[in-house]
Amino acid sequence: MAKPPPPTSPSDPPLPTAAAPKPRTFGLFSSSARSLLAAARRSPVTTLVVAFFLLALFMYGEDVRTIAELSIDDYLYPDADLYNVSGLPPLLLHPPTCDLSDGRWLFDNVSLPAYREKDCTFLTKQVTCLANGRPDDTWQYWKWQPNQCSLPTFDARRFMETMRGKRLMFVGDSLNRNQWESLVCLVQPILSKGRKKIVKRGSLTIFHAKEYRATLEFYWAPFLVESNSDNPKIHSIEHRIIRPDRIEGHAKYWKDVDYLIFNTYIWWMNTADMKVRRPDSRYWSQHDEVPRIEAYGRVFKTWSEWLNNNIDPAHTSVFFMTISPLHISPNNWGNPEGIRCVKETLPYQNYSQPLDLYHDMRMFDLVVKVASSMEKVPVTVINITRMSDYRKDAHTSLYSIRQGKLLTPKQKADPEKFADCIHWCLPGVPDVWNQILYTRILSKSSWHSNSAAPPLQSLPPPAQ
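Looking up the chain in an unreviewed UniProt entry gives the name Trichome birefringence-like N-terminal domain-containing protein, with the organism given as Panicum virgatum. Listed under Subcellular location (unreviewed entry) in UniProt, the entry text for the chain is "Golgi apparatus membrane". UniProt's Sequence similarities (unreviewed entry) comment on the chain is quoted here verbatim: "Belongs to the PC-esterase family. TBL subfamily."

Given below as structure tokens:
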């Protein structure tokens, strides 16, 4: 804090004072505001219009400021230079027959991590494990290597060139938010300072890449359909109730998005039966309990029908992320003395013996079945389950937050209750999910693009 100037005596010369900084306004806006106020004094109609304008500014101030900033950017700053994709080496993609989910984790402390936690200021405290006190960092240095092919490296410039003028949206629960944060961190290093911003609007969180006129978005809808857990800030509800036949309250925000990435699983796993609100009921208390898989099927019937009726596959590509595992059974990976995922520092590496983490694979199979039956609107299922099963070491564990605050020493002393073995430290496993998503998106964009695109070639299998 700056010290105040020393007191002066009457004989001291006056101290020089810095000119008061002028408020950062745009002349066009300030003169327009003065004109509006002057007109308001002369006309009751104008007074009413000005009143509505001020009310909108008060209620939607952040939105108005964002729109204004983006509009001003159009005039003050040029778009990012076109990345000469056609001049790049061919984009090497995996053969269509290669199963990207079948592979192994290899240690790589040369090319990884893809970004540094401290360099990505957009990360939330939930996933900044190093800043939250995690003593090891080896979870960051593992890359996924499919057995039958190789995975292209994530190229942020190539990706953002594909995103130019487009919208990408993750829809689902906090694991999709985990992946959204990862994607923001993967692309933000190439974006100019001051030309990137996050705006929150209720259930929607938007990352603006202004020079590409692109957005990477996350929409909170943990069950995809409407539920009593739809408040993005207050959703720790003991009795979760869904409306499997109601989706429009969420889905109206998904229209005109170029890339939609869905997930829903972990919020279903508290109970074997789901509470389902009756179709014509007035209150959440008016509900029935049905088996989990039955409720899941009803939700996906509503979801798939909405896609078929509202999505133009020539404009929008749809993806679905499969189960992200919960690591709470250390006996299953040979550590009977362990507590959940606490103090795990290495992946499970017995690739000949699948790790049983008690997933409800009926739900996995149902997603695959629904996606394969979608003829009008194709849905690409991205299988992250098996590869993520091995990563018992990469969760936020005790180095996260609970109800917005870092765990206290007392809470850390009770890992059975407080260790978070659902979410992932960043950088980490979700970066690989995005590497696969990147590959899928670029494959699709090459099919849909009307411009000249570099040739696509298949990556050879890794050397044995």
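**Student:** If you had to explain the pattern of salt bridges to someone new, which residues and values would you point to?
**Tutor:** According to the stated counting rule, one finds 13 salt bridges in the structure shown. Between D119 and K118 there is a salt bridge, and its shortest N-O distance comes to 3.4 Å. Given the relative accessible area of 68%, K118 is considered exposed.

**Student:** A description of the side chain of T264 should follow, citing residues and the corresponding values.
**Tutor:** Structurally, T264 is set in the loop between β10 (259-262) and β11 (273-277). Residue classification places T264 among the buried residues on the basis of a relative accessible area of 2%. Looking at T264, its side chain comes within polar contact range of the main-chain oxygen of P222, at 2.7 Å. Excluding residues within four positions of it along the chain, T264 makes contact with D173, P222, F223, L224, Y296, F300 and F320.

**Student:** Lay out the state of the cysteines in plain terms, naming residues and giving numbers.
**Tutor:** One pass over the full model with this rule turns up four disulfides. A disulfide bridge connects C120 with C185, and the sulfur atoms are separated by 2.0 Å. Between C120 and C185, the S-S torsion sits near -85 degrees, and that sign places the bridge as left-handed. Residue C120 is located in the loop between β2 (103-107) and β3 (142-146), and its partner C185 is located in helix α5 (residues 174-187); the two are separated by 65 residues in the primary sequence. A residue is classified by how much of its surface remains accessible, and C120, at 3% relative accessible area, is buried. Here C341 is linked by a disulfide to C421, with a sulfur-sulfur distance of 2.1 Å. The sign of the -90 degrees torsion about the S-S bond sets the C341-C421 disulfide as left-handed. Here C341 is found in the loop between β13 (317-321) and α8 (361-373), whereas its partner C421 is found in strand β18 (residues 420-424), with 80 residues between them in sequence.

**Student:** With reference to specific residues and values, describe the pairing of β11.
**Tutor:** Of all five residues in β11, four are buried, a share of seventy percent or more. As paired strands, strand β9 (residues 241-243) and β11 are joined by two bridges and run parallel to one another. Bridge pairing in β11 places I242 opposite V276. Across five bridges, β11 lies against strand β12 (residues 287-291) in antiparallel orientation. Note on β12: the bridge partner recorded for V276 is D288.

**Student:** Can you break down the confidence of the model for the chain residue by residue, with the values?
**Tutor:** The predicted structure's coordinates, where accompanied by low pLDDT, should not be read in detail. Averaged over every residue, the pLDDT of the chain is 85; residues scoring 70 or more account for 77%. Between residues 1-32, whose pLDDT stays under 50, and residues either more than four places distant or in other chains, the model counts nine contacts.

**Student:** Can you tell me about α8, naming the residues and giving the values?
**Tutor:** Over its 13 residues, α8 runs 18 Å from end to end, which matches the ideal 18 Å to within 8%, given 1.5 Å per residue. Of all the positions in α8, only M363, F364, L366, V367, V370 and A371 are classed as buried. The buried residues of α8 occupy an angular sector of 160 degrees when projected down its axis, which confines them to one face. Of the residues in α8, the exposed ones pointing more than 90 degrees away from the buried face are K369 and S372. The inward-facing, buried residues of α8 contact α7 (292-310), β13, β14 (379-382) and α9 (385-389).

**Student:** Account for the sheet that holds β13, with residues named and values stated.
**Tutor:** The sheet built from seven strands is open, its strands ordered β5-β6-β7-β4-β10-β13-β14 with mixed pairing. The sheet terminates laterally at β5 (196-201) and β14, the two strands that pair on one side only. Within this sheet the neighbouring strands show an average axis-to-axis angle of 20 degrees, counted without direction. Taken together, the six bridges between strand β6 (residues 204-209) and strand β7 (residues 214-220) define a ladder with antiparallel strand orientation. From the neighbouring strand, I206 faces β7, where its bridge partner is E217.

**Student:** Residues and numbers for the packing of helix α4 (residues 156-163) against α5, please.
**Tutor:** It is the contact of α4 with α5, at a shortest axis distance of 9 Å, that shows an interaxial angle of 110 degrees. Considering their axes alone, α4 and α5 lie roughly perpendicular with respect to each other. From α4, A156, F159 and M160 reach across to α5, where they touch L183, L186 and V187. Classifying every residue of the contact of α4 with α5 gives six nonpolar, no polar and no charged.

**Student:** If you had to explain α7 to someone new, which residues and values would you point to?
**Tutor:** Taking 1.5 Å per residue as the helical rise, α7 with its 19 residues ought to reach 27 Å, and the 27 Å between its terminal C-alpha atoms agrees with that figure. The complete set of buried residues in α7 reads R292, A295, Y296, V299, F300, T302, W303, S304, W306 and L307.

**Student:** Give a detailed account of the packing of aromatic side chains, specifying residues and quantitative values.
**Tutor:** A complete count under the given rule lists 24 aromatic pairs for this structure. Taking the centre distance of 6.4 Å and the plane angle of 80 degrees together, the rings of Y219 and W254 count as edge-to-face. A residue pair is termed long-range when its members are at least 10 positions apart, and Y219 in strand β7 and W254 in the loop between α6 (248-251) and β10 qualify at 35 residues. Assessed through its relative accessible area of 3%, Y219 is described here as buried. Ring centres 4.7 Å apart and planes at 70 degrees place the aromatic pair Y351 and Y390 in the edge-to-face group. Separated by 39 residues along the polypeptide, Y351 in the loop between β13 and α8 and Y390 in the loop between α9 and β15 (395-397) bring together distant segments of the chain. The burial state of Y351 is the same as that of Y390; both residues are buried. Over the ring of W267 we find R240, and its NZ or CZ is 3.9 Å from the ring centre. The ring of W284 has R277 sitting right over it, with the charged end atom 4.7 Å from the ring centre.

**Student:** Would you mind going over the sheet that holds strand β8 (residues 226-227) in detail, with residue names and values included?
**Tutor:** Pairing in this open sheet of four strands is mixed, and the strands run β8-β9-β11-β12 from one edge to the other. Edge positions in the open sheet fall to β8 and β12, since each of these has one partner strand only. Contacts between α7 and the sheet are confined to β9, β11 and β12, with β12 contributing the most and set at about 105 degrees to the helix.

How each quantity is defined
- Residues numbered from 1 in each chain as written.
- Predicted model: local features only at pLDDT ≥ 70, side-chain atom pairs only at ≥ 80, totals over all residues.
- Heavy atoms only, no water.
- UniProt positions renumbered as here; feature names shortened; annotations may be inferred.
- Salt bridge = Lys/Arg side-chain N within 4 Å of Asp/Glu carboxyl O.
- Buried < 20%, exposed > 50% of the residue type's maximum accessible area, 1.4 Å probe, protein only.
- Helix = DSSP H or I, 4+ residues; strand = E, 2+ residues; numbered from the N terminus.
- Polar contact = N/O pair within 3.5 Å; in protein donor to acceptor, adjacent residues only side chain to side chain.
- Contact = heavy atoms within 4.5 Å.
- Disulfide = S-S within 2.5 Å.
- Pairing = 2+ DSSP bridges.
- pLDDT = per-residue confidence, 0-100.
- Expected span 1.5 Å × (residues − 1).
- Arc of directions from axis to C-beta.
- Axes fitted to C-alpha atoms, helices over the stretch in contact; angles between N-to-C directions.
- Parallel < 35°, antiparallel > 145°, perpendicular 65-115°, else oblique.
- Nonpolar A, V, L, I, M, F, W, Y, C, P; charged D, E, K, R; others polar.
- Phe/Tyr/Trp six-rings, centres within 6.5 Å; stacked < 30°, edge-to-face > 60°.
- Lys NZ or Arg CZ within 6 Å of the ring centre and 35° of its normal.

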